[in-house]
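Coordinates in review
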Amino acid sequence: MKALVLSGGSGTRLRPITHTSAKQLVPVANKPVLFYGLEAIAAAGVTDVGIIVGDTAPAIEAAVGDGSRFGIKATYIRQDAPLGLAHTVLIAREFLGDDDFVMYLGDNFIVGGINGLVEEFTAARPDAQIMLQQVSDPRSFGVAELDEAGRVKNLVEKPKQPKSDLALVGVYLFTPVIHEAVASLKPSWRGELEITEAIQWLLDNGRTVNSSTITGYWKDTGNVTDMLEVNRLVLESLEPRIDGTVDDASEIIGRVVVEDGATVTGSRIVGPAIIGAGSTISASYIGPFTAIDDGCSVDDSEIEYSIVLSDASIRGVRRIEASLIGHHAEVTPAPRVPRAHRLVLGDHSKVQISS
């Protein structure tokens, strides 16, 4: 079995962060989302991995390299334009050959990995296997409709009027028959080759499509709210350790990681939280569910439930919450400006001014 990992796309919902970096490399708990997926694939015993890249290819390739750090062999496949998930299967045809493969969306986060899914697929070997999860608003996802026996009978991509609340999770397993399905597709109303339509082709042609509804945690980390939620979840399982320097005037409470080379002085850190290598925290409060990446500086400030990317600085700010702060960003107080009230009052006026 091989793997096809999708790491292209422009990440419009995470702008302005993704104007200058790949959405799959935005970190949760100081590790890029993409890395969690690659680790899950390797843990499932799949080592031959094709990575679909687009405009952010140099950043993805620099971060992943040859894949050896994850226990995989990485092959990069260029997609010149985001033409759909099924289009990635089309352009990866030579790499995939006649092997079964798992397709994994690189900005998705699944707790517990995919070992069980791969084992289930290998044992039964349907033509396709999909994962489903109930969501509150299925209009943003591919949606599956099941029959009375729980079998998949229909799939629709981002329907305006969904017939179920079962969204397709960003992990799919296929036998080589999917290539015939993909070759038959025409662009959808979105101008893309939809993987949901390819799976529907399998159903329409009497092929076997199995599904499993997961009850564990899954997130498409396409927006800031979901990024912060995944960051919270990962930090909750943090194993505390202090490898950096924490002075006697500081207080560390709960599950906190201070990486090697980080310095904490005169500050209070309440976990779960992580302070990256080379970062300095001084006279500040770092609250729960906060990830400070490498090389950051936080001075005389308060921040919690946030992600701060590498080499950012925060100075003299009260208070930051539920924020995503980009690489090399600088956050400081606004300069004070003179304030005055200019009035034109009629006779016998009564005016109350709060100043």
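Residues numbered from 1 in each chain as written. Predicted model: local features only at pLDDT ≥ 70, side-chain atom pairs only at ≥ 80, totals over all residues. Heavy atoms only, no water.

Topic: the pairing of strand 6 (residues 101-105)
Of all five residues making up strand 6, five are buried, and the element is well covered by its neighbours. A two-sided burial pattern is seen for strand 6, the buried positions comprising Phe101, Met103 and Leu105 on one face and Val102 and Tyr104 on the other. In the sheet, strand 1 (residues 2-7) pairs with strand 6 via five bridges, with the strands oriented parallel. Paired with Lys2 across the bridge in strand 6 is Phe101. Note: strand 6 against strand 11 (residues 166-174), four bridges, orientation antiparallel. Within strand 11, the residue paired with Phe101 across the bridge is Phe174. (Buried < 20%, exposed > 50% of the residue type's maximum accessible area, 1.4 Å probe, protein only. Helix = DSSP H or I, 4+ residues; strand = E, 2+ residues; numbered from the N terminus. Pairing = 2+ DSSP bridges.)

Structural notes on the packing of aromatic side chains
What the rule picks out here adds up to five aromatic pairs. Ring centres 5.5 Å apart and planes at 50° place the aromatic pair Phe101 and Phe174 in the tilted group. Separated by 73 residues along the polypeptide, Phe101 in strand 6 and Phe174 in strand 11 bring together distant segments of the chain. Here Phe101 and Phe174 have matching classes, each one buried. Taking 6.4 Å as the distance between ring centres and 90° as the angle between the ring planes, the aromatic pair formed by Phe289 and Tyr305 counts as edge-to-face. Of this pair, Phe289 sits in the loop between strand 22 (285-286) and strand 23 (290-292) while Tyr305 sits in the loop between strand 25 (302-304) and strand 26 (307-308); the two residues are 16 residues apart in sequence, bridging distant segments of the chain. (Phe/Tyr/Trp six-rings, centres within 6.5 Å; stacked < 30°, edge-to-face > 60°.)

Thoughts on helix 2 (residues 57-64)
All of the buried residues in helix 2 are Ala57, Ile60 and Val64. Looking straight down helix 2, one finds its buried side chains confined to an arc of 70°; they lie on one side. With respect to the buried face of helix 2, the exposed residues turned more than 90 degrees away are Pro58 and Ala62. Next to the buried residues of helix 2 lie strand 1, helix 1 (33-43), strand 4 (48-53) and strand 5 (73-78). Positive phi shows up at Gly65, right after helix 2, with a value of about 65°. (Arc of directions from axis to C-beta. Contact = heavy atoms within 4.5 Å.)

Examining the side chain of Thr196
Looking at the secondary structure, you find Thr196 in helix 7 (residues 195-204). A residue is classified by how much of its surface remains accessible, and Thr196, at 1% relative accessible area, is buried. Engagement of the side chain of Thr196 in a polar contact is seen with the side chain of Glu157, the distance being 3.4 Å. (Polar contact = N/O pair within 3.5 Å; in protein donor to acceptor, adjacent residues only side chain to side chain.)

A short note on the pairing of strand 1
Walk down a regular strand and you will see the side chains alternate between the two sheet faces. Within strand 1, six of the six residues are buried, leaving the element largely enclosed by the surrounding structure. Here strand 1 runs beside strand 4; their pairing, made up of five bridges, is parallel. Across the sheet, Val5 pairs through a bridge with Ile51, a residue of strand 4.

Describing the side chain of Ser313
With respect to the helices and strands, Ser313 occurs in strand 27 (residues 313-315). Owing to a relative accessible area of 13%, Ser313 belongs among the buried residues under this scheme. In contact with Ser313, not counting residues within four places along its chain, are Ser297, Ala329, Glu330 and Val331.

Section: a nonpolar patch on the surface
On the surface, Leu343, Leu345, Val351 and Ile353 cluster together into a nonpolar patch covering about 350 Å² of accessible area. Mapped onto the elements of the fold, Leu345 is located in the segment after strand 30 (330-331). (Patch = residues over 30% accessible without salt bridge, like charges linked within 9 Å, V, L, I, M, F, W, Y side chains within 5 Å. Areas by Shrake-Rupley, 256 points an atom, 1.4 Å probe, with all protein chains shown as cover. Salt bridge = Lys/Arg side-chain N within 4 Å of Asp/Glu carboxyl O.)

Regarding the sheet that holds strand 26
Reading across the sheet, the six strands line up as 14-17-20-23-26-29 and stay open at both edges, with parallel pairing between neighbours. With partners counted over all chains shown, the strands left at the sheet margins are strand 14 (241-242) and strand 29 (324-325), one partner each. By the bridge criterion, two bridges tie strand 14 to strand 17 (residues 256-258) in an arrangement that is parallel. When the sheet's bridge partners are listed, Ile242 is paired in strand 17 with Val258. Contacts from helix 8 (residues 224-236) reach strand 20 (273-275), strand 23, strand 26 and strand 29 within the one sheet, and its direction differs from that of strand 23 by about 95°. (Axes fitted to C-alpha atoms, helices over the stretch in contact; angles between N-to-C directions.)

Let's talk about the sheet that holds strand 16 (residues 251-253)
On the basis of which strands lie adjacent, the open sheet formed by five strands has the order 16-19-22-25-28 and parallel pairing. Two strands bound the open sheet, and with one partner strand each, they are strand 16 and strand 28 (320-321).

A look at unusual backbone geometry
Each neighbour pair has its own omega, and for Gly271 with Pro272 the value is 5°, a cis peptide bond. Tracing the backbone shows Pro272 in the loop between strand 19 (268-270) and strand 20. Here Arg318 and Arg319 are connected by a cis peptide whose omega angle stands at -10°. Its place among the elements puts Arg319 in the loop between strand 27 and strand 28. For Ala29, which is not glycine, the phi dihedral falls at a positive 55°. Tracing the backbone shows Ala29 in the loop between strand 2 (27-28) and strand 3 (31-32). On the basis of relative accessibility, which here comes to 11%, the residue Ala29 falls in the buried class. Not every positive phi belongs to a glycine, and Ala283 is a case in point at roughly 50°.

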